[in-house]
Amino acid sequence: MKPCRLALQAFGPFAGREEIDFGALPSDALFLIHGPTGAGKTSLLDGICYALYGETSGSERSAREMRSHHAPDSVLTEVEFEFELAGTRYRIRRSPEQERTALRGKKELVKTPAKAELHVHDAAATGDWTPLVSKTTEVTERIVALLGFEADQFRQVIMLPQGQFRKLLTADSRDREKILEALFSTETYKRLQERLSGSARQLEQQAEAARTRRTTLLEQAGAQSGDELAARVSESETRLAELAIQEKQSRSDDAAASAALAAGEALTAQFKEVDLAQQALEKLTAGAALADAQRRELEDATRAQNVIPAHAGFTEARRHQQQLAEQTGTAKGSAESATAALSVAETVVTAETARAAERDAAAREHARLEGLRETVLGLKVAQRELAAADTSARSALQSLAGLQTQHDNLTTQRSALQQAIELHGPQANRCDALQVQIEQQTQRVAALTRLAAAKATLATNQTEAGNRKRAFEAAQTARQRALEHKEALEARWRDGQAAVLAHHLADGEPCPVCGGLEHPHPAASGEAVPSETELRAATAALQKAEGALDQARSAHHEAANRVAADESTVTTLLSGLPAEVPDAAAARQALQTLERELAAARQAATALNLARAGIETCDRDLAATTQAVELARGKSEEAGLAAATAASRVAERSAQVPADLREDDALERTIRAAQVRSDQLLEQLKTAQDAHRQAHAADAAARATLATLSESLAAAERRSTEARETLIRSLNEHGFAGEDGFLQARRSPDAIAALRTSLQAHDEALAAAKERVARAEGCVAEKTPPDLPALKNVQSATRERVEALVAQQNTLKEKIAHERRTLDALAGIRRELGGIEDRYRVMGHLAAIANGDNSRKLTFQRFVLAALLDDVLRQASLRLKAMSCGRYTLQRRTDVADARKASGLDLEVFDDYTGRARPASTLSGGEGFMASLSLALGLSDVVQSYAGGIQLDTLFIDEGFGSLDPESLDMAMKALIDLQQKGRMVGIISHVDELKRQIDTGIEVSLGAAGSHVRIRGCA
């Protein structure tokens, strides 16, 4: 990632819009960002980090806190950053949640939400910016995907913020793993170890599921093991064979009992048939009298059939005669009634004809009333117009009065608002000045708080450093004593060895040292010679003292480095404060006072804005109200004139209509009454005439009907007499004394046929019953009835025995089949478990090793990252060794310090001065900066050397150079220049004057009362 352009607006100390064109710098520039304290150097890095991730470079301030207090409310805080990645140019614009002045002229502040948008430059096609995403979270996610790491990793690899450059150096294995994973894209190795773990877990779950199924099957079978279940199956099969033999014998007994029962039941049925046949014969013999009566009834019915035609003719003639007699009586009454009705109708029609004059008068009155209808309608229209005119006149007067009252109220309200403006104006004007004072006082309080904490830490570390120094001096003294003691013993031992040799010399024998045969001055022992044990003890004591000295020296150096770092911190904090350092409590009290004054001033400003807006509204309302009053006055006068004209028309039309008919409904009621009277008279005449015509026709019809019926009745009486004579002759011929005897003997044809059928069936049944009795008695001759209940009991007992045996066998077969299925399932589970365990022995072992279950507690991904980290450390150590004059190299710790934590990526430094390795956290401030810088540069080299690695084209360093001595500073500069020569852009923020002399290209940040400004210097 290489920056191209940065624009900051109302951000941090920058009140307006400040732009930095990184393209104006050389592509491989080593540039310096410098300026006075508080000017906003770090804010440039904050802007880049905020644009990319929505966070500042130090993550100590939120995005809302980066709003510039110098900027007016109408200017929005916004950051725009363009950068190039893999040949493609991107532009990101981001603004935090903030308050701004309303756009519609109102003075109050409105809240605007946080916004972000990301564009890509389409250089190949149109050359325009194409939007990618436009939501804050989506923009951040896309940036993480593009760059390859998140904000925390960005601050540790690309940007080393002020006070945080040691984070990557001192991070633990887990945090360093996240950074290296993002830089080198080793997700494939992590996915591989996760897939191994997943496969192992899947095998474990499969094995556990199989064991659960096995346990469930055994529990359901009620067995402890498969062998026990197999033994039970064998026992059940033996029992099943025994039951089959018993069933065969029982079925033989059941067949014999069933045959005996069938023979007994057949004989019993024969005896029962004898009884039934005798009962049937006795029943038919008892019904012989009834059969004789039916034969006599059949003979009488046969004779009556010959008389039926004559009786039917007489009955029909008599019925017709009676019907005509009834109709003739009814016709006689109707003729008399019609004659009376005709007489009444003639009287009524004569009376209605005489009322002709009354009908003419009613028609004339109705016509006169119809003529008044149009006149009354005109009068009503004039009355309605008069009412509407009166209403309009009253409404216009009321509207005029209301508008006048509203005008007076607005005048009073404007006067009150003008007084509020004069009251709140002076206090509201102090807001900006108080805000600046509060910012300055807040910075002073924060600096005093940090200074107090730094002084306390310095005092504690100075005490600790004194203790460590005294311990170091004591260790030096102890080591010196041990060394002198060891050297003295060795000297005595060497001297003693000469005396030992001299003790064994003899005259004439050669000396083992010089070979001489004469020994004029043999050595003599003045003191006791120390033994080997004493020499070894002295050597061990010296080694122990040297070890203690090394520990004391390291502790002393660490304490001294902490004191130096604390003194540097206190000096830096004091340099940003006035010459006379104020009291922190007094400064905080002054800040609280300023904040209270600012709150009161803001309240006054709010009230002032409301009052000004109220006056503008009042002025607009007053102008509108004045115009409305004049318009209402003109409308009132026009309404009064219209009311007078309408009253004149009402009076003129009222004189043309009688008073009792001026209302619409009164006239209509009178017209309807006249119409009804005229219609009634005409209707009465018509009704009388119609009734007279109908009565005359009805009288003539009644007379004709009566004559016809009288003639028909005489003929019917003659036919009835002839039919009676014919009936009497037929009864005598067939042996009936009279009509009653005939009626009793008469039967319908169906009844006669039923009588014949019944007699024939009786005769046939009697003959059959006699034959049945004879046949049944012949079958049981010389036989005894059997004991049927005893036979049934024997057969039931044998049948129940067979069924019980069959049920036992079925139950036992189902049990055997179920248990065999269970045994088959258990065998399958055993084979399945064997296969799973074989696979798990390989997969589980691989998953355990790949996920850190090994002697070095290294996961597979961390093993790969460790190899990559070794490459990084080799490159970093080349620079660190040069910066530290050959003293320090970085190396990866290979032992497991804490088995409970992830390891394998922990760092330590090897100190050539002591010949030992120690934690990187023990480096002093300057040493830690050199190590962090070397590590960042090593990362930059190695990451880009790997295919597919993240591009690290740029590096920003915020402070840290002030902790270096001149020689170390020179070494660090050489390393940065070397990095620059490899085509990378390096930006440094520092107050060190030596850097200003060495780096002629840079970005200068200037501080002003109204905000800071930036410019690029040193570029043609």
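The name an unreviewed UniProt entry gives the protein is Exonuclease SbcC, with Aromatoleum tolulyticum as the organism.

Quick look at the overall build of the protein
Helices and strands together make up the secondary structure of the protein, namely 22 helices and 17 strands. Looking at the protein as a whole, 36% of its 1020 residues are labelled buried. Put simply, of all contacts in the protein between residues at least 6 apart along the chain, 77% involve residues at least 24 apart. For the protein, the exposed surface amounts to about 57,600 Å²; the carbon and sulfur share of it is 53%.

Concerning the packing of aromatic side chains
Applying the stated criterion across every chain yields a total of six aromatic pairs. Residues Phe-31 and Phe-956 carry aromatic rings whose centres are separated by 6.4 Å and whose planes lie at 75 degrees to one another, so their mutual orientation is edge-to-face. Of this pair, Phe-31 sits in strand β3 (residues 30-34) while Phe-956 sits in strand β14 (residues 954-958); the two residues are 925 residues apart in sequence, bridging distant segments of the chain. There is no split in this pair, since Phe-31 and Phe-956 are both buried. Seen in terms of ring centroids, Phe-81 and Phe-83 are 5.7 Å apart; in terms of plane orientation they differ by 25 degrees. Their pairing is stacked. Residue Phe-81 is classed as buried on the basis of its relative accessible area, which comes to 0%.

With respect to helix α10 (residues 356-371)
Counted at 1.5 Å a residue, the expected span for α10 with its 16 residues is 22 Å, and the 24 Å between its end C-alpha atoms agrees. All buried positions along α10 are accounted for by Arg-359, Ala-362, His-366 and Leu-369. Along the long axis of α10, the arc covered by the buried residues comes to 90 degrees, so they all point the same way. Residues of α10 that are exposed and point over 90 degrees away from its buried face: Ala-357, Arg-364, Ala-367 and Gly-371.

Some words on the UniProt feature "coiled-coil region" (unreviewed entry) in the protein
Sequence positions flagged by UniProt for "coiled-coil region" (unreviewed entry) are, in local numbering, residues 189-220, 400-492, 535-611 and 671-726. Segment residues 189-220 splits into 100% helix and 0% strand. End C-alpha atoms: 46 Å apart.

How each quantity is defined
- Residues numbered from 1 in each chain as written.
- Predicted model: local features only at pLDDT ≥ 70, side-chain atom pairs only at ≥ 80, totals over all residues.
- Heavy atoms only, no water.
- Helix = DSSP H or I, 4+ residues; strand = E, 2+ residues; numbered from the N terminus.
- Buried < 20%, exposed > 50% of the residue type's maximum accessible area, 1.4 Å probe, protein only.
- Contact = heavy atoms within 4.5 Å.
- Areas by Shrake-Rupley, 256 points an atom, 1.4 Å probe, with all protein chains shown as cover.
- Phe/Tyr/Trp six-rings, centres within 6.5 Å; stacked < 30°, edge-to-face > 60°.
- Expected span 1.5 Å × (residues − 1).
- Arc of directions from axis to C-beta.
- UniProt positions renumbered as here; feature names shortened; annotations may be inferred.

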